[in-house]
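# Structural overview
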Amino acid sequence: MSTDNRARIADYLSRFFPVQDLKDDDDIFALGFVSSMFAMQLVSFVEHEFGITVDNEDLELEYFRSIDALDAFVARKLAVPVPQ
């Protein structure tokens, strides 16, 4: 997992709610920080920031619920070769 990716994710989340007290494995949905509208913004951020495509089968809450989960998801997506 990339420290740089983790920092980019935390920086993005800090624009919307206080992440200084947020642990990397804290569930941002359970804590009430995320609405359905913000969830879609989060998907858009991941796609644009990391240059990946979030497919329909990727729209699982478990991939987006924490900084750790987002970091692992991004790392997995970046590791998959893009078909040419």
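Placed above this text is the structure.
Here the structure is a predicted model, which means the values were calculated and not measured.

## Some remarks on the overall build of the protein
Secondary structure summary: the protein contains three helices and zero strands in total. Listed N to C, the secondary structure of the protein is α-α-α in terms of helices and strands. The C-alpha radius of gyration of the protein comes to 12 Å, within 12% of the 12 Å expected for a compact globule of 84 residues. On the principal axes, the C-alpha backbone points of the protein span a range of 40 × 25 × 20 Å.

## Remarks on the side chain of D26
Assignment of secondary structure puts D26 in the loop between α1 (3–14) and α2 (36–50). It is K23 that comes nearest to the buried, bridge-free D26 among opposite-charge side chains, at 4.6 Å. A distance of 2.8 Å separates a polar side-chain atom of D26 from the backbone nitrogen of K23. When sequence neighbours within four positions are dropped, the list of residues in contact with D26 reads D21, L31, R65 and S66.

## Looking at the packing of α2 against helix α3 (residues 67–79)
The N-to-C vectors of α2 and α3 enclose an angle of 45°; their axes lie 12 Å apart at closest approach. Judged by the angle between their axes, α2 and α3 are oblique. Where α2 crosses over α3, the two elements pack in a sense that is right-handed. Residue-level contacts link L42, V46 and F50 of α2 to L70, F73, V74 and L78 of α3. In the contact of α2 with α3, the residues fall into seven nonpolar, no polar and no charged.

## Details of the packing of aromatic side chains
Given two aromatic rings, one states the distance between the centres and the angle between the planes to describe the pair. One pass over the full model with this rule turns up nine aromatic pairs. Where Y12 meets F38, the ring centres are 6.2 Å apart and the plane angle is 15°; that geometry is what we call stacked. Residue Y12 is found in helix α1, and its partner F38 is found in helix α2; the two are separated by 26 residues along the sequence. Each member of the pair, Y12 as well as F38, carries the same accessibility label: buried. Ring geometry for Y63 against F73: centres 5.3 Å apart, planes inclined by 20°, an arrangement best described as stacked.

## Let's talk about the packing of α1 against α2
One way to put it is that α1 packs onto α2 with a least axis distance of 11 Å and a crossing angle of 140°. Two packed elements cross with a definite hand, and for α1 against α2 that hand is right-handed. Taking contact as the criterion, the partners of N5, R8, I9, Y12 and L13 in α1 are, on α2, F38, Q41, L42, F45, E49 and F50. When its residues are assigned to classes, the contact of α1 with α2 shows seven nonpolar, two polar and two charged.

Conventions we followed
Residues numbered from 1 in each chain as written. Predicted model: local features only at pLDDT ≥ 70, side-chain atom pairs only at ≥ 80, totals over all residues. Heavy atoms only, no water. Helix = DSSP H or I, 4+ residues; strand = E, 2+ residues; numbered from the N terminus. Rg over C-alpha atoms; globule rule 2.2 N^0.38 Å. Buried < 20%, exposed > 50% of the residue type's maximum accessible area, 1.4 Å probe, protein only. Lys, Arg positive; Asp, Glu negative; His and termini not counted. Salt bridge = Lys/Arg side-chain N within 4 Å of Asp/Glu carboxyl O. Polar contact = N/O pair within 3.5 Å; in protein donor to acceptor, adjacent residues only side chain to side chain. Contact = heavy atoms within 4.5 Å. Axes fitted to C-alpha atoms, helices over the stretch in contact; angles between N-to-C directions. Parallel < 35°, antiparallel > 145°, perpendicular 65-115°, else oblique. Left-handed = near helix turned anticlockwise from the far one by under 90°. Nonpolar A, V, L, I, M, F, W, Y, C, P; charged D, E, K, R; others polar. Phe/Tyr/Trp six-rings, centres within 6.5 Å; stacked < 30°, edge-to-face > 60°.

Remember that the coordinates give geometry; whether it matters functionally is a separate question.
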